[in-house]
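# A look at the structure
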Amino acid sequence: MKSKYLLSILFTVLIGLSTKGQDKQLKLSLEDVIELASSQSLDAFRNENMFRASYWEFRYFKADRLPSLSLDATPLDFNRYRNREYNFQTNEEEYVQREYLNADFGLSLNQNVALTGGRLFLRSELGMVKNLNGDKNNSYQSTPISIGYQQELNGYNRLRWEAKIEPLKYEKAKKVFIESRENLSIKATRRFFNLVSAEINLSIAENNKASADTLYKIGQGRFQVGTVTQDELLNLQLSQLRAEQALNTTKLGLLRAQAELNSFLGLDKNTKVSCIVPSEIPKLEVKAGEAIAQALDNNPEILNQQQQLLQEDRQVAEAKSEIGLNTSIYALYGLDQSAKELENVYDNPDRSQRFRLGVNIPIVDWGRRKGRYQMAEYSREVVKATVRQARIDFEQDIVQTVMEFNLQGDQVRNAALADTVAQKGFEVTFQRFLIGKVDVINLNQARNDLEQARKDYVLALNAYWNYYYSIRRLTLYDFANDEPLTEEYDEILKN
């Protein structure tokens, strides 16, 4: 349904943009503007590509835990040099020219062991050297197979910590992408109502200009018969001039708001968008406790706090592993053989073995390793305290936003009623002025009340929808439909 709705909007846009010889006009509701922003704005493009980058970072983490096969080769290595050697026949040191041709091939299979943090590997090698001096003999060396294992024994397992942090980062990236969509809705709402306000201001300015012209003409006629004083006539003329100035100002404001919305939506600069002001708001009341519960389950900030704590724990574990005795092992077992002929290099291979134990014992480091460990410990405590305070502020922000949203519904309804009352009041006052029952001061006051009521109504609507999408952004939950916000991640990654 969402895709069909978006296609209908885009079709309407294309129809408007393909019109020749006419102004490019579009009538869009708030929902239309949000859908267009989500599909073709620069912000939407940036959000999708940031998510794709996070996905491939997660794919890199998963690939690091799978076997990797690699080929390393030196097909040709020619070397001509002079080497200092001892001549046993003359009992003298002399420089002898050496010249050889070398080739090496190796195939390696590596597997990181997440449980221990070590690395298991299989390798097969084949090498050839051809002496270009003397009898120019060939020599071949093969290692049909060798198996080895390498392991640090200091207690720090990089793979184990990555297994805790990387999936959390990717899950946070998913939530951040949904959150970015709601931020996009807030931006679209702001620009939509900026244009609505500009349109209303222009409408008010045009009406004021027409009314000022009419009143000035009426005032001129009444001045001739003496029912309007010269001061009142000058006041009417001044109102007419001010109305004309205000009209010019609001025209520029409308062009500015229109250009800002067009740029945000990726529309042609000559496109004129007419806004359909929402006439209704959802009958919705959000409970603060439910909003907090949903936010704790869905908001990426909670996952970000968990990631911060895990990263600090990792820093402490890494610093702790450097204190005291550090050891490592390297074990290798394989088969190898050498021969003058290539066909004999794999016959009856001998065993090759290697075991290495490395030890690093700090004797005097003037407290450097201990200092790093203490710094990591104190940094972790600071982050813990910061996260606790951030959690408190986060929940308070949700409660405050929910309270403001629940009150804003009544504000919109009261502003709508005030707008209706002000409209009727101005019509009555205008008719009474025409028959001479009301003076210019009362008429101007009624006009000011009408303008202010209309502006207050738009401001109330703007605030309501900003609070609405702010709650969705904080909780990643659609309270109107009682379901969590989700995205089709597979479709995003396909495109």
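Residues numbered from 1 in each chain as written. Predicted model: local features only at pLDDT ≥ 70, side-chain atom pairs only at ≥ 80, totals over all residues. Heavy atoms only, no water.

Our next topic: the pattern of salt bridges. By the definition in use, this model includes 25 salt bridges. Among the ionic pairs, aspartate 72 bridges to arginine 123, the shortest N-O distance being 3.0 Å. On the criterion of sequence distance, the pair formed by aspartate 72 in strand 2 (residues 68–87) and arginine 123 in strand 4 (residues 118–131) is long-range, its members being 51 residues apart. The exposure class of aspartate 72 is partly exposed, given its relative accessible area of 36%. The partner of glutamate 491 in a salt bridge is lysine 494, and the shortest N-O contact between them spans 3.9 Å. Within this pair, glutamate 491 and its partner lysine 494 are both found in helix 10 (residues 489–494), separated by three residues, close to a single helical turn. Using a relative accessible area of 64% as the deciding quantity, one classes lysine 494 as exposed. Connected through shared salt-bridge partners, Glu48, Arg52, Arg181 and Glu487 make up one network. (Salt bridge = Lys/Arg side-chain N within 4 Å of Asp/Glu carboxyl O. Helix = DSSP H or I, 4+ residues; strand = E, 2+ residues; numbered from the N terminus. Buried < 20%, exposed > 50% of the residue type's maximum accessible area, 1.4 Å probe, protein only.)

With that settled, consider the pairing of strand 6 (residues 272–276). Residues Val273 and Cys275 of strand 6 are buried on one face, while the alternating residues Lys272, Ser274 and Ile276, pointing to the opposite face, are not. Two strands pair when backbone bridges link them, and strand 1 (residues 25–29) and strand 6 are joined in this way by five bridges, in the parallel orientation. Across the sheet, leucine 26 pairs through a bridge with valine 273, a residue of strand 6. (Pairing = 2+ DSSP bridges.)

Right, let's get into the confidence of the model for the protein. The predicted coordinates should not be examined in detail at positions where pLDDT is low. Mean pLDDT for the protein: 87, with 95% of residues reaching 70 or above. In this model residues 3–11 is a low-confidence stretch, pLDDT under 50, and it forms twelve contacts with partners more than four residues away in sequence or in other chains. Scored below 50 in pLDDT, residues 14–21 makes six contacts in the model with residues more than four places away or belonging to other chains. (pLDDT = per-residue confidence, 0-100. Contact = heavy atoms within 4.5 Å.)

In this structure the tally under the stated criterion is 19 aromatic pairs. With 5.3 Å between their ring centres and 35 degrees between their planes, phenylalanine 51 and tyrosine 489 make a pair best called tilted. Of this pair, phenylalanine 51 sits in helix 3 (residues 42–63) while tyrosine 489 sits in helix 10, and the two are 438 residues apart along the sequence. An identical accessibility class is assigned to phenylalanine 51 and tyrosine 489; each is buried. By way of ring pairs, the aromatic residues Phe51, Tyr55, Trp56, Phe58, Phe61, Tyr170, Phe177 and Tyr489 are connected into one cluster. For the cation-ring pair, arginine 160 lies above tryptophan 161, with the distance from its terminal atom to the ring centre recorded as 5.3 Å. (Phe/Tyr/Trp six-rings, centres within 6.5 Å; stacked < 30°, edge-to-face > 60°. Lys NZ or Arg CZ within 6 Å of the ring centre and 35° of its normal.)

So, on to helix 7 (residues 300–321). The terminal C-alpha atoms of helix 7 lie 31 Å apart, and with 22 residues this matches the ideal 32 Å at 1.5 Å per residue to within 8%. Along helix 7, the positions that sit buried rather than exposed are Pro300, Ile302, Leu303, Asn304, Gln305, Gln307, Leu310, Glu312, Val316, Ala319 and Ser321. You can read the cap of helix 7 off the contacts: a side-chain oxygen lies 2.8 Å from the backbone nitrogen of glutamate 301, and it is on asparagine 299. (Expected span 1.5 Å × (residues − 1). Polar contact = N/O pair within 3.5 Å; in protein donor to acceptor, adjacent residues only side chain to side chain.)

Right, let's talk about the environment of asparagine 406 for a bit. Mapped onto the elements of the fold, asparagine 406 is located in helix 8 (residues 368–434). Taking the C-alpha atoms as reference, asparagine 406 lies 75 Å from aspartate 104; in sequence the two are 302 residues apart. Each residue touching asparagine 406, except ones within four places of it in the same chain, is listed here: Leu284, Glu285 and Val286.

Bringing the packing of helix 2 (residues 30–40) against helix 5 (residues 230–265) into the picture now. Viewed as axis vectors pointing N to C, helix 2 and helix 5 meet at an angle of 45 degrees, and their least axial separation amounts to 8 Å. As the angle between them shows, helix 2 and helix 5 are arranged oblique. Mapping the contact onto sequence places Val33, Leu36, Ala37 and Gln40 in helix 2 and Leu261, Phe264 and Leu265 in helix 5. Grouping the amino acids of the contact of helix 2 with helix 5 by side-chain chemistry returns six nonpolar, one polar and no charged. (Axes fitted to C-alpha atoms, helices over the stretch in contact; angles between N-to-C directions. Parallel < 35°, antiparallel > 145°, perpendicular 65-115°, else oblique. Nonpolar A, V, L, I, M, F, W, Y, C, P; charged D, E, K, R; others polar.)

What follows covers a nonpolar patch on the surface. Among the surface-exposed residues, Leu69, Leu71, Leu107, Leu109, Leu120, Leu122, Ile145, Ile147 and Tyr333 lie close enough to one another that they form a single nonpolar patch of about 810 Å² accessible area. Elements that contribute at least two residues to the nonpolar patch include exactly strand 2, strand 3 (92–113), strand 4 and strand 5 (138–152). Judged by relative accessible area, which is 45%, isoleucine 145 ranks as partly exposed. (Patch = residues over 30% accessible without salt bridge, like charges linked within 9 Å, V, L, I, M, F, W, Y side chains within 5 Å. Areas by Shrake-Rupley, 256 points an atom, 1.4 Å probe, with all protein chains shown as cover.)

Formed by 49 residues in total, the largest nonpolar core has its most connected members in Phe193, Leu265, Ile398 and Trp465. Of all the secondary structure elements, the ones that give two or more residues to this core are strand 1, helix 2, helix 4 (158–225), helix 5, strand 6, helix 6 (288–298), helix 8 and helix 9 (440–475). If you look at the next biggest cluster of nonpolar residues, it comprises 13 residues, including Leu215, Tyr216, Val228 and Leu450. (Core = buried A, V, L, I, M, F, W, Y, C linked by side-chain atoms within 4.5 Å.)

This part is about the side chain of asparagine 298. Mapped onto the elements, asparagine 298 comes out in helix 6. Given the relative accessible area of 10%, asparagine 298 is considered buried. Beyond its immediate sequence surroundings of up to four residues, asparagine 298 is in contact with Lys175, Thr475, Leu476 and Tyr477.

With respect to the element layout, arginine 369 can be found in helix 8. As a C-alpha pair, arginine 369 and glycine 324 span 45 residues in sequence and 8.9 Å in three-dimensional space.

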